Amino acid sequence: MQFRTIRTALDHEGEVIHTRDLTPRSRGRWYCRSCNNPLRLHWTHDCGGYFEHDLEESEERGLKHCAYRVISQDKPVSAFDQAVNALMERDDAHATEPSKKDYFCVLCQREYYGLRCCPVCRQHIYSTEMKDLDPLARPVTFAK
Ligand SMILES: [Zn+2]
Ligand SMILES: [Zn+2]
């Protein structure tokens, strides 16, 4: 199994951590934002830190469905997976500070205001800011 480079993870309190906030001396437990399996922090001179799944401690069933997994081309990726991947990549590009905003959860098709945590599914990885949302992806009821 191959995975994309992971630069954000959840710490033991469920907070999102970016590798640029860590140092080679950082110690802790980090978990994959997609599959919740444990991650290991690696460090390179050139590119800084990145996470890799701790394959010995991971549940294979979770890894198979991890959004960071590189999926071979012969299997079509669903529109939903693509949307989730796009959200995660955008999130990695500029990890935002926690603040109250209008969000939209693509998993639940639900709009909400507050911190980035969907009140229905209790996940944040499927949520995007309303202002970033592709208007075509919005349900009609939310279109202005
Ligand atoms: Zn994962
Ligand atoms: Zn949700």
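This report concerns the structure included in the present document. (Residues numbered from 1 in each chain as written. Chains lettered and ligands numbered in written order. Predicted model: local features only at pLDDT ≥ 70, side-chain atom pairs only at ≥ 80, totals over all residues. Heavy atoms only, no water.)

In this structure, Trp 30, Cys 32, Leu 39, Phe 51, Tyr 68, Met 88 and Tyr 126 are the most contacted members of the largest nonpolar core, which totals 26 residues. Of all the secondary-structure elements, those providing two or more residues to this core are helix H2 (79-93) and strand E6 (101-105). Mapped onto the domain boundaries, this core takes at least three residues apiece from domain 1 (1-81) and domain 2 (96-144). (Core = buried A, V, L, I, M, F, W, Y, C linked by side-chain atoms within 4.5 Å. Buried < 20%, exposed > 50% of the residue type's maximum accessible area, 1.4 Å probe, protein only. Helix = DSSP H or I, 4+ residues; strand = E, 2+ residues; numbered from the N terminus. Domains from an automatic or database assignment.)

What follows covers the coordination of the zinc ion (ligand 1). Within the protein, the zinc ion (ligand 1) binds to Cys 32 (SG), Cys 35 (SG), His 53 (NE2) and Cys 66 (SG); these donor distances fall in the range 2.1 to 2.3 Å. Bound by 4 donor atoms, the zinc ion (ligand 1) shows angles of 105 to 119 degrees at the metal and therefore tetrahedral coordination geometry. In the primary structure, the donors to the zinc ion (ligand 1) are separated according to the pattern C-x2-C-x17-H-x12-C. Here Cys 35 is found in the loop between strand E3 (30-31) and strand E4 (38-44), whereas its partner His 53 is found in strand E5 (residues 48-53), with 18 residues between them in sequence. Cys 35 sits in the buried class, given a relative accessible area of 14%. (Donors = N, O, S within 2.8 Å, 3.2 Å for Na, K, Ca; no water. Tetrahedral: all angles 85-135°; square planar, octahedral: opposite > 155°, others 65-115°.)

The next subject is the sheet that holds E6. Taken together, 3 strands build an open sheet; the order of strands is E7-E6-E8 and the sheet is antiparallel. Only two strands of the sheet have a single partner each, and these edge strands are strand E7 (110-114) and strand E8 (127-129). Each strand axis lies, on average, 35 degrees off the axis of its neighbour in the sheet, ignoring direction. (Pairing = 2+ DSSP bridges. Axes fitted to C-alpha atoms, helices over the stretch in contact; angles between N-to-C directions.)

Note that all results are geometric; they support no functional claim without further evidence.
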